[in-house]
Amino acid sequence: KGHVQTHEFKTETKKLLNIVANSLYSEKEIFVRELVSNAADALEKLRHLQSGGTALSTDHPLEIHISVDQAKNQFIIQDFGVGMTEEEVNENLGTIARSGSKSFLEKLEKEEAGAGSSKDKIIGQFGVGFYSTFMVGNKIKVYTKSATPGSKGYCWTTDGHGSYTLAEADGVSVGTKIVIELKDECKSYANKIEVDSIIKKYSNFVGFPIYLNGQKVNTVDALWTKDKSAVTPEQHKEFYRFVANAFDDPQFTLHYKTDAPLNISAILYIPERHMEILGQHIEPGVNLYSRKVLIQPKSRGLFPEWLRFLKGVVDSEDIPLNVSRELMQDNILSKLKHVMTRRVIKWLEDESKKNTAQFNEFFLDYGQFIKEGVCTDSMNKKEIAKLLRYESSATKSGELIGLKDYADRVKEGQKRIYYILAPKRKFAEESPYNEVFRQNGVEVLYLYDTVDEFVVNHLREFQGLQLVSVDSAETANDPLLKKGEPATDTAGKLTDQQAKDLAAWMELTLGRDLVSKVDVSRRLVSYPAIVTDHESPAMRKMMAMMQG
Ligand code: ADP
Ligand code: MG
């Protein structure tokens with residue numbers, strides 16, 4: 001009926017069609033996300049017009065319906081949104097990189113710089129998403145009818161090769177229905193189970209109900225977009241289990257929103273337990289969203305490696321939706337990474353102050369990640385170091401302190417943080433190196449973990465205090481470490497000269513291979529001699545390994 005007009009795609013559109021259909025998106029399944037996003041945008045626009053009192057010729061519920069049919073090899077998506085007029089179809093679907101949604105946003109911006117507007121809810125902005133259907137379809141039909149009263153229905157068709165037709169059509173309901181005849185190699189997109197999982201993967205949090213062959217698919221709320229105070233611990237627990245695919249509870253929760261320097265809404269969790277104790281390497285567990293639509297599941301670029309134990313969601317409106325992983329704008333992502341990493345460190349620091357016992361408990365389990373952070377994340381190592389926890393000569397066994405606690409209570413004139421590497425407390429306490437510190441009341445941190453040696457080597461200093469091992473020869477020039485109390489019983493004591501001669505004899509006898517220097521020291525009280533500045537056990541192990 002009526003008359004069918006055939007149009008050539010604009011030249012630049014033809015060229016771009018090829019690029020979009022073949023290489024803009026890394027995965028074909030993305031077309032589902034793009035079409036659902038467009039449907040959600042159309043519904044959002046309708047809701048906006050409705051709330052503004054515009055007369056509209058529709059009373060359908062604001063829903064998205066997808067149906068797939070394996071026998072017909074078809075994928076159909078229908079929304080009851082604003083639809084398109086004939087002119088809009090030509091403009092929006094006939095021209096690539098021409099976004100009706102962008103013009104809509106610009107119009108909104110002029111009308112009202114108001115709060116609670118649709119502005120932050122519209123997903124499309126780039127005008128290429130629709131063309132992702134060309135990756136999977138041989139033939140695409142779009143039935144649409146604008147919600148403006150008196151509008152006619154239209155049918156737009158194309159095979160994606162240079163031209164499209166546009167004709168009036170009967171029986172079209174207000175909104176848009178897109179019918180895709182799938183390519184043979186894309187049959188799986190007519191499979192209900194497959195499509196169900198794709199919708200859940202990318203569009204689970206879209207703000208309108210999505211039905212697949214009559215059944216509702218998206219059932220979980222986008223908690224991170226809500227007000228912090230409106231989310232109960234019970235909801236967090238449920239959401240954590242959903243995003244982490246886990247059965248335990250989160251031990252810490254961060255719900256974070258900001259507008260500057262980037263727009264971010266995030267919810268992050270730390271699981272009760274991590275799996276690396278079982279020798280597995282955990283994969284990153286935070287999903288990157290933009291306006292509730294998934295951009296990267298388990299994003300690798302979002303946090304540094306050492307934060308791989310985090311679970312949750314980061315949503316930023318500043319990340320473009322329609323860009324594949326490979327093309328993801330690096331500068332925005334790295335900015336996001338920087339902001340989020342700093343925020344996470346601050347979060348943990350806050351928890352360590354508010355819930356000290358719980359944080360220390362966390363550290364015993366997750367400390368290895370913090371230490372990895374100090375060693376690998378040079379940009380943030382100073383901040384991360386605030387999260388380290390150790391026992392010390394001033395704590396009870398099992399009690400932990402931070403470097404800051406140590407720094408805050410150093411003795412007058414103390415310029416160093418002293419530490420001892422020992423496999424356990426008993427060895428640290430009984431170490432001859434420790435004696436002079438004990439006698440002079442200088443605190444010593446007890447580092448029990450082999451990796452701690454690398455941590456202190458990477459860190460070098462904390463709050464202006466140098467990190468120094470108790471077995472370093474440098475301790476000799478610390479005025480705080482005055483020699484130990486000389487024994488009152490001087491009988492049989494060597495004279496200074498005798499001691500010097502003994503040292504010279506030892507140096508000669510042991511030889512260059514074993515020692516570089518033997519010196520007389522007065523710091524020891526109950527031990528005859530100690531070795532200083534020696535290779536650490538960890539270093540020795542490494543050298544041995546390298547030499548095979
Ligand atoms: P974007 O969504 O980034 O604007 P798309 O290529 O996905 O780009 O869509 C192009 C334009 O086509 C949209 O901006 C919108 O104006 C129009 N459009 C697409 N799908 C629909 C739909 N389901 N209902 C109404 N308009 C639509
Ligand atoms: Mg779009």
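Conventions and cut-offs
- Numbers given to residues run from 1 along each chain, matching the order in which its sequence is written.
- Each chain gets a letter, beginning with A, and each ligand a number, beginning with 1, in the order they are written.
- Since the coordinates come from a predicted model, pLDDT governs what is reported: local features require at least 70, and pairs of side-chain atoms require 80 or more to be given and counted, while whole-chain, interface and lining totals use all residues.
- UniProt positions are given in the numbering used here, feature names are shortened, and annotations may be inferred rather than shown by experiment.
- To obtain an axis, a line is fitted to C-alpha atoms, over the contacting stretch when the element is a helix, and the angle between two such axes runs from 0 to 180 degrees between their N-to-C directions.
- Secondary structure elements follow DSSP: runs of H or I no shorter than four residues count as helices, runs of E no shorter than two count as strands, and numbering proceeds from the N terminus.
- If you view the pair so one helix is near and one far, a crossing is left-handed when the near helix is turned anticlockwise from the far one by less than a right angle, and right-handed when it is turned clockwise.
- The contact rule is simple: place each C-beta atom from the backbone, and if two of them lie within 7 Å, those residues are in contact.
- Put simply, Ala, Val, Leu, Ile, Met, Phe, Trp, Tyr, Cys and Pro go in the nonpolar bin, Asp, Glu, Lys and Arg in the charged bin, and everything else, Gly too, in the polar bin.
- Two strands are said to pair when DSSP picks up at least two bridges between them.
- Each helix should span, by expectation, one fewer than its residue count multiplied by 1.5 Å.
- To sort residues by burial, count the other C-beta atoms lying within 10 Å of each one's C-beta; a count of 20 or more means buried, 12 or fewer means exposed, and anything in between means partly exposed. C-beta atoms are built from the backbone.
- Relevant arc is that of directions from the helix axis to the C-beta atoms, nothing else.

With an unreviewed UniProt entry as reference, the protein is termed Heat shock protein 75 kDa, mitochondrial, source organism Bifiguratus adelaidae. In the Sequence similarities (unreviewed entry) part of its UniProt record, the protein is described as follows: "Belongs to the heat shock protein 90 family." Heading Subunit (unreviewed entry) of the UniProt record for the protein holds this comment: "Binds to the intracellular domain of tumor necrosis factor type 1 receptor. Binds to RB1. Interacts with SRC. Interacts with SDHA."

Draft legend 1. Geometry of the packing of helix α8 (residues 356-376) against helix α13 (residues 452-459). For the pair α8 and α13, interaxial distance at closest approach is 8 Å and the crossing angle is 40°. Taken as a pair, α8 and α13 cross one another with a handedness that is left-handed. The residues of α13 that touch α8, namely those facing Lys371, Val374 and Cys375, are Phe454, Val455, His458 and Leu459. Looking at the contact of α8 with α13 residue by residue, the classes come out as 5 nonpolar, 1 polar and 1 charged.

Draft legend 2. Molecular detail of the sheet that holds strand β11 (residues 264-271). Ordered by their spatial adjacency, 5 strands build an open sheet running β10-β11-β14-β12-β13, and the pairing between neighbours is mixed. Sheet topology places β10 (250-258) and β13 (293-296) at the edges, where each strand pairs with a single neighbour. Between one strand and the next, the sheet's axes are offset by a mean angle of 25°, whatever the strand orientation. Across 5 bridges, β11 lies against strand β14 (residues 311-315) in antiparallel orientation. Within the sheet, the bridge partner assigned to leucine 268 lies in β14 and is glycine 312. Sheet contacts for helix α6 (residues 233-244): β10, β11, β12 (285-290) and β14; angle to β14, the most-contacted strand, approximately 90°.

Draft legend 3. Helix α5 (residues 192-203), seen in detail. Taking 1.5 Å as the rise per residue, α5 with 12 residues should run 16 Å; its terminal C-alpha atoms sit 15 Å apart, in good agreement. Listed as buried for α5 are Val195, Ile198, Ile199, Tyr202 and Ser203. Buried residues along α5 cover an arc of 100° about the axis, so they all sit on one side. Those residues of α5 that are buried lie in contact with α2 (30-51), β2 (64-69), β8 (210-212) and β13.

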